[in-house]
Amino acid sequence: YVTSGGVGDGKQLAACLAMGAEGVNLGTRFMATAEAPIHDNIKKALVAGDENSTQLVMRSLKNTERVYKNAASDEVLRIEAEHPGQIDKIYHIVKGENYRASFQETGDAQSSVWSCGPVMGLIESVPTCDELVRGMVSEAEAVIQGRLAEMCR
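Residues numbered from 1 in each chain as written. Predicted model: local features only at pLDDT ≥ 70, side-chain atom pairs only at ≥ 80, totals over all residues. Heavy atoms only, no water.

S.K.: Would you explain the environment of glycine 117 in this entry?
M.R.: Its location among the elements puts glycine 117 in the loop between helix H6 (96–106) and helix H7 (129–151). Judged by relative accessible area, which is 12%, glycine 117 ranks as buried. Between the C-alpha atoms of glycine 117 and glycine 5, which are 112 residues apart in sequence, the distance is 7.6 Å. Apart from residues lying up to four places away in sequence, glycine 117 is in contact with Thr28, Thr54 and Arg66. (Helix = DSSP H or I, 4+ residues; strand = E, 2+ residues; numbered from the N terminus. Buried < 20%, exposed > 50% of the residue type's maximum accessible area, 1.4 Å probe, protein only. Contact = heavy atoms within 4.5 Å.)

S.K.: Honestly, the packing of helix H4 (residues 71–82) against helix H5 (residues 87–94) in this entry has me stumped. Any pointers?
M.R.: Each pair of packed helices can be summarised by the angle the axes make with each other and by the distance between the axes. Put simply, H4 and H5 touch, their axes get as near as 10 Å, and they point 175° apart. When the axis of H4 is compared with that of H5, the two are roughly antiparallel. Between H4 and H5, the contacting residues are Ala72, Glu75, Val76, Ile79 and Glu80 on the first element and Lys89, Ile90, His92, Ile93 and Val94 on the second. Residue composition of the contact of H4 with H5, by class: six nonpolar, one polar and three charged. (Axes fitted to C-alpha atoms, helices over the stretch in contact; angles between N-to-C directions. Parallel < 35°, antiparallel > 145°, perpendicular 65-115°, else oblique. Nonpolar A, V, L, I, M, F, W, Y, C, P; charged D, E, K, R; others polar.)

S.K.: Explanation requested: the packing of aromatic side chains in the structure shown.
M.R.: We describe a pair of aromatic rings using the distance from one ring centre to the other and the angle between the two ring planes. All chains considered together, the criterion is met by three aromatic pairs. When the ring of tyrosine 68 is compared with that of tryptophan 114, the centres are 4.5 Å apart and the planes differ by 15°; the resulting orientation is stacked. With tyrosine 68 in strand S4 (residues 65–68) and tryptophan 114 in the loop between H6 and H7, this pair connects stretches of sequence that are 46 residues apart. Among the residues examined, tyrosine 68 registers a relative accessible area of 11% and is labelled buried. For the pair tyrosine 99 and phenylalanine 103, a centre-to-centre distance of 4.8 Å together with 55° between the ring planes defines the contact as tilted. One end of the pair, tyrosine 99, and the other, phenylalanine 103, are both in helix H6, four residues apart, so they sit about a helical turn from each other. Members of the aromatic cluster, connected to one another through ring pairs, are Tyr68, Tyr99, Phe103 and Trp114. (Phe/Tyr/Trp six-rings, centres within 6.5 Å; stacked < 30°, edge-to-face > 60°.)

Take a look at the structure:
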């Protein structure tokens, strides 16, 4: 199986492998890479954020999404509290066009509702994909050969 969600460094990769995973799927962590086709300001928001910089929206629609905590997501929560289950009340904020504009044009991290996870707390830089993967694998190998190997002695 492949582990998805909340993986952002080599220690977590090692933990997943130790539990039997064949690999991991990175989402938010790959957003903050040099090759990710999103505006640099969004990448900067991911680096600046921490594990508490997300919140859940659209719960009243039974279509929960974890998103970056910002002015737009705060407004969605406010409207949802007043009009639970009514997509028409929040559509103007959650529609994909807003997300696309933030990621591709404006780089405004506050004006749209966009997906990301609490793994943000582990993001400290915007490496290339090659640097990220090599660094994670190297860190995982060190954990496996060090800490995990000691447990087998």
